[in-house]
Amino acid sequence: MNKLLRLWWVLWRARRGAALDPTDVSTVRFRVLPNDLDLQGHMNNGVYLSMMDLGRMDLMVRSGVWRELSARGYYPVVASSTITYRRSLDPWESYDLESRIVGIVPVPELVELFGLDPDHHPLPQWLAEWSSNAALPSRRDSAPSVWQ
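As a starting point, this report considers the structure included with it. (Residues numbered from 1 in each chain as written. Predicted model: local features only at pLDDT ≥ 70, side-chain atom pairs only at ≥ 80, totals over all residues. Heavy atoms only, no water.)

## Some details on the overall build of the chain
Going by this rule: Helix and strand assignments come from DSSP, with helices taken as H or I runs of at least 4 residues and strands as E runs of at least 2, each series counted from the N terminus. Burial classes follow relative accessibility: with a 1.4 Å probe on protein chains only, a residue under 20% of its type's maximum area counts as buried, one over 50% as exposed, and anything between as partly exposed. Each accessible area is a Shrake-Rupley result for a 1.4 Å probe, and residues are judged covered by the shown protein chains and nothing else.
Check the secondary structure of the chain and you find five helices and two strands. When its helices and strands are written in sequence order, the chain yields α-β-α-α-β-α-α. Its C-alpha atoms give the chain principal-axis dimensions of roughly 50 × 45 × 25 Å. For the chain, buried positions account for 27% of its 148 residues. Here the chain has roughly 10800 Å² of accessible surface; of this, 55% comes from carbon and sulfur atoms.

Here it is in structure tokens:
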């Protein structure tokens, strides 16, 4: 909710921005605001993931995918993520957020929606391995703790 104004800004700009193909790179410039900061005075870890949601919205709107997803009652969900930090982002610092679809899941409806041939956009091997290694049991299966 604390990113709602930025979401509106991203949507407003995306609707007026250059059209993108679903496999293009979307770039959105942001600035670290005071409500992005943690107690150490730099951008909070969780804010990075929230901002990435906004970057994905820009890509989906500018590529026309968002309109189609919404019409079908779909919404994008990040099922898993990994993040590595190179350095801190300080107050008022500007940064560019780049978003890109790396691989296409060969679900017939999504392939049709994106208008892409999954054979020409295969899931990279490293991403397939990461996805397999990070996978959790189905939500219908028990999920025992691996920490004990």
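## Thoughts on the layout of surface pockets
We apply this condition: Of the grid points, spaced at 1 Å and generated over the protein atoms alone, those admitting a 1.4 Å probe that cannot get out make up cavities, while open sets with protein on both sides within 12 Å along at least five of seven lines make up pockets; any residue with an atom within 4 Å of a point is treated as lining. Grid points are joined across faces, edges and corners, and a volume is the space filled by probe spheres set on the points. Charged means Asp, Glu, Lys or Arg here, nonpolar means Ala, Val, Leu, Ile, Met, Phe, Trp, Tyr, Cys or Pro, and polar covers whatever is left, Gly included.
For the largest pocket, the calculated volume is near 2300 Å³. Arg 56, Val 78, Ser 80, Ser 81 and Arg 100 are, among the 48 residues lining the largest pocket, the residues nearest its centre. For the lining of the largest pocket, the secondary-structure elements that each account for two or more residues are helix H2 (45-62), helix H3 (65-71), strand E2 (94-99), helix H4 (108-114) and helix H5 (125-134). Of all the elements, H2 adds the most residues to the lining of the largest pocket, at eight residues. Tallied by class, residues from the lining of the largest pocket come to 33 nonpolar, eight polar and seven charged.

## Considering the packing of aromatic side chains
By convention here, two paired aromatic rings are described through the distance between centres and the angle between planes. The condition that has to hold: Pairing of aromatic rings covers Phe, Tyr and Trp, the last through its six-membered ring, and needs centres within 6.5 Å; plane angles under 30 degrees mean stacked, over 60 mean edge-to-face, and all others mean tilted.
Counting across every chain of the model gives three aromatic pairs. Ring centres 4.9 Å apart and planes at 70° place the aromatic pair Tyr 48 and Tyr 85 in the edge-to-face group. Linking Tyr 48 in helix H2 with Tyr 85 in the loop between H3 and E2, this pair joins segments that are 37 residues apart in sequence. One aromatic cluster is present, formed by Trp 9, Phe 30 and Tyr 95 through successive ring pairs.

## Thoughts on the side chain of Lys 3
How we decide: We call two residues contacting when some pair of their heavy atoms lies within 4.5 Å.
For Lys 3, the position within the fold is in the segment before helix H1 (4-16). Overall, Lys 3 belongs to the buried group, its relative accessible area being 8%. Non-local contacts of Lys 3, meaning those with residues more than four positions away in its chain, are made with Asn 35, Asp 36, Val 47, Ser 50, Met 51 and Leu 54.

## A short note on the side chain of Asp 36
What counts here: Pairs of N or O atoms within 3.5 Å make up the polar contacts considered here, provided that, within protein, one atom can donate a hydrogen while the other can accept it, and that residues adjacent in sequence are counted only when both atoms are side-chain atoms.
Position of Asp 36 relative to the elements: it lies in the loop between strand E1 (26-31) and H2. At a separation of 3.0 Å, a polar atom in the side chain of Asp 36 contacts the side chain of Lys 3. Not counting residues within four places of it along the chain, the set of residues in contact with Asp 36 comprises Lys 3, Arg 6, Arg 31, His 42, Met 43, Asn 44 and Val 47.

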